[in-house]
Amino acid sequence: MRKSMICIISILMVGFAGAVSAAVWTDPFDGTELVADWKFRDHNNKQTEYEVKDGFLQMTNPGNWGHTTPDKPMLERDIPKSAAENLTVSGIFTSDPDKPADAWLGIFIYSDDNLNYACFLFGGEANQPQKTLIGSMVKANWQDKGHPQTGFDVPLHLKIVKEDDVFAGYYRESEKDEWTLAGEKTWNHKFDAERVGIGFMNNWGGQTVTLLVDTLSVEGEGIEPLAVAPEGKSATTWGYLKMRQ
C-alpha cells in the first residue's frame, strides 16, 4: 500500500511538473521602452527607426532591399532549448500603409543562421488584396509555401506553430474568430529553433512602411511569463493611430 501511494504521488508530481513547465510569455508593448528580453538589429543601411509608443511597437523602414539579405529590421528574443521543438508564436499586427507596396512583415522563427528560418507574414504586392505568406528560408534559398488571401484588412492576428520539424501558419480577424490555417497546408523544415523575431523579410518597393505590433506571445516548454500587465488596448486605439499618422 505504501509503495502504491508513493508511485501515485510520484506520477502526480511528474504530471503536475509537465503541466506547469510550458507557459506563455506575452509582451503588450505598453510603456515607452522595450523590455530587456528584446534585441534589435537593422538592415545594413541602418535606416530603420523603432519605438514603443501608444501601446504598440512601431518599426519604420524606408525600403529598397530584398529577401536574401541576412540583415533585416528585426526585433528578436532568445528562447530556451527546451522550447525549440514545440513552439507557438502569435501576435496582433497592422501596418501603415494598410496594404504595403511590395513588402512582407510578420513573425519569424530562427535557427542560429540569419538565412535559415521559418516565417508567417502579411503584406504583399502593390495594388493587391491583403495577403499572408508562409514559407522558409533554407540556407539562403527561399522555399515558398503559399500566398493565401485573408479576405480582410489589418489589424491581423497571426500565429506560427512549430511541432518538431512541421510548421503551420494561422490567421484570424479578431479574437472572436476561429483560427484559419493559411493555405490549408503545413510545411517541413528541420532546424533547431534558437530565437523568435518580428520585423521585415523584405521591403523592395521603395516605400516607407511602418509595422505596428499590438502584442506578441511566445509559448513553449520552459518559457517564463512576462510580469507586465497589458493596459487594455481596443479597436478604437487602432482608429486613433491611423488618424494621427
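Residues numbered from 1 in each chain as written. Predicted model: local features only at pLDDT ≥ 70, side-chain atom pairs only at ≥ 80, totals over all residues. Heavy atoms only, no water.

Enquirer: Help me understand the packing of aromatic side chains, please; the structure alone is not making it clear to me.
Expert: When we look at a pair of aromatic rings, we describe it by the centre distance and by the angle of the planes. Summed over the entire model, instances satisfying the criterion amount to ten aromatic pairs. Ring centres of Phe-152 and Tyr-171 lie 6.1 Å apart, and the angle between their planes is 50°; on these two criteria the pair is classed as tilted. A residue pair is termed long-range when its members are at least 10 positions apart, and Phe-152 in the loop between strand S10 (141-144) and strand S11 (156-163) and Tyr-171 in strand S12 (residues 166-172) qualify at 19 residues. Residue Phe-152 shares its accessibility class with Tyr-171, and that shared class is buried. Ring geometry for Phe-167 against Trp-187: centres 5.8 Å apart, planes inclined by 20°, an arrangement best described as stacked. Taken together, the residues Phe-167 in strand S12 and Trp-187 in strand S14 (residues 187-188) connect sequence positions 20 residues apart. With respect to class, Phe-167 is no different from Trp-187; both count as buried. (Phe/Tyr/Trp six-rings, centres within 6.5 Å; stacked < 30°, edge-to-face > 60°. Helix = DSSP H or I, 4+ residues; strand = E, 2+ residues; numbered from the N terminus. Buried < 20%, exposed > 50% of the residue type's maximum accessible area, 1.4 Å probe, protein only.)

Enquirer: For this particular structure, what's the right way to read empty space enclosed by the protein?
Expert: A probe as big as a water molecule, rolled over the atoms, marks out the empty space that is left. Across all of its chains, the model carries one cavity of 30 Å³ or more by this definition. Approximately 30 Å³ is the volume found for the largest cavity. Every residue lining the largest cavity is listed: Lys-99, Pro-100, Gly-123, Gly-124, Glu-125, Gln-128, Pro-129 and Gln-130. Each residue belonging to the lining of the largest cavity can be placed in one class, and the counts come to two nonpolar, four polar and two charged. (1 Å grid on protein atoms, 1.4 Å probe; cavity = no way out; pocket = protein on both sides within 12 Å on 5 of 7 lines; lining within 4 Å. Points joined across faces, edges and corners; volume = space filled by probe spheres on them. Nonpolar A, V, L, I, M, F, W, Y, C, P; charged D, E, K, R; others polar.)

Enquirer: What's the story with unusual backbone geometry in this structure? I'm lost.
Expert: Most peptide bonds adopt trans geometry, and most residues besides glycine take a negative phi value. A cis amide bond links Asp-96 to the next residue, Pro-97, at an omega of 5°. Topologically, Pro-97 is positioned in the loop between strand S6 (86-96) and strand S7 (103-110). Looking along the chain, the bond that leaves Val-154 and enters Pro-155 is cis, with omega of 5°. Mapping Pro-155 onto the fold places it in the loop between S10 and S11. Here the phi dihedral of Asn-64 falls at roughly 75°; this positive angle occurs in a residue that is not glycine. In this fold, Asn-64 is placed in the loop between strand S4 (56-61) and strand S5 (74-78).

Enquirer: Sorry if this is basic, but what is going on with the pattern of salt bridges here?
Expert: Pairing is possible between side chains of opposite charge, provided their charged atoms come close. The tally for this structure, following the rule as stated, stands at five salt bridges. Here Glu-76 makes a salt bridge to Arg-41, at a shortest N to O gap of 3.0 Å. With Glu-76 in strand S5 and Arg-41 in strand S2 (residues 39-41), this pair connects stretches of sequence that are 35 residues apart. Each of Arg-41, Glu-76 and Arg-195 takes part in salt bridges that share partners, so that together they form one network. (Salt bridge = Lys/Arg side-chain N within 4 Å of Asp/Glu carboxyl O.)

Enquirer: Teacher, can you tell me more about the sheet that holds S2 here?
Expert: Two pairing modes exist for strands in a sheet, parallel and antiparallel, and in both the strands are linked by backbone hydrogen bonds. The strand order across the open sheet built from seven strands is S2-S5-S15-S7-S8-S9-S10, with neighbouring strands paired in antiparallel fashion. Strand pairing shows two members of the sheet lacking a second neighbour, S2 and S10, which therefore form its edges. Sheet twist, expressed as the mean angle between neighbouring strand axes with direction ignored, is 30°. Relative to S5, S2 is paired through three bridges, and the arrangement is antiparallel. By the bridge assignment, Lys-39 is partnered in S5 with Glu-76. (Pairing = 2+ DSSP bridges. Axes fitted to C-alpha atoms, helices over the stretch in contact; angles between N-to-C directions.)

Enquirer: Just checking my understanding: could you explain the side chain of Thr-69 for this structure?
Expert: For Thr-69, the location among the structural elements is in the loop between S4 and S5. From its side chain, Thr-69 meets the backbone nitrogen of Asp-71 in a polar contact 3.2 Å long. Not counting the four nearest positions on each side in its chain, Thr-69 is found in contact with His-43, Asn-44 and Leu-115. (Polar contact = N/O pair within 3.5 Å; in protein donor to acceptor, adjacent residues only side chain to side chain. Contact = heavy atoms within 4.5 Å.)

Enquirer: How should I be thinking about the environment of Val-218 in this particular structure?
Expert: Counting through the fold element by element, Val-218 comes out in strand S16 (residues 209-221). We classify Val-218 as buried; its relative accessible area is 0%. For the pair Val-218 and Ser-90, spaced 128 residues apart in sequence, the C-alpha to C-alpha distance is 6.7 Å. Not counting the four nearest positions on each side in its chain, Val-218 is found in contact with Ala-23, Val-24, Trp-25, Ile-79, Leu-87, Thr-88, Val-89, Val-196 and Ile-223.

Enquirer: Where do I start with the environment of Phe-93 in this structure?
Expert: Within the element layout of this structure, Phe-93 appears in strand S6. Owing to a relative accessible area of 0%, Phe-93 belongs among the buried residues under this scheme. For Phe-93 and Leu-216, which are 123 residues apart along the polypeptide, the C-alpha to C-alpha distance reads 9.0 Å.

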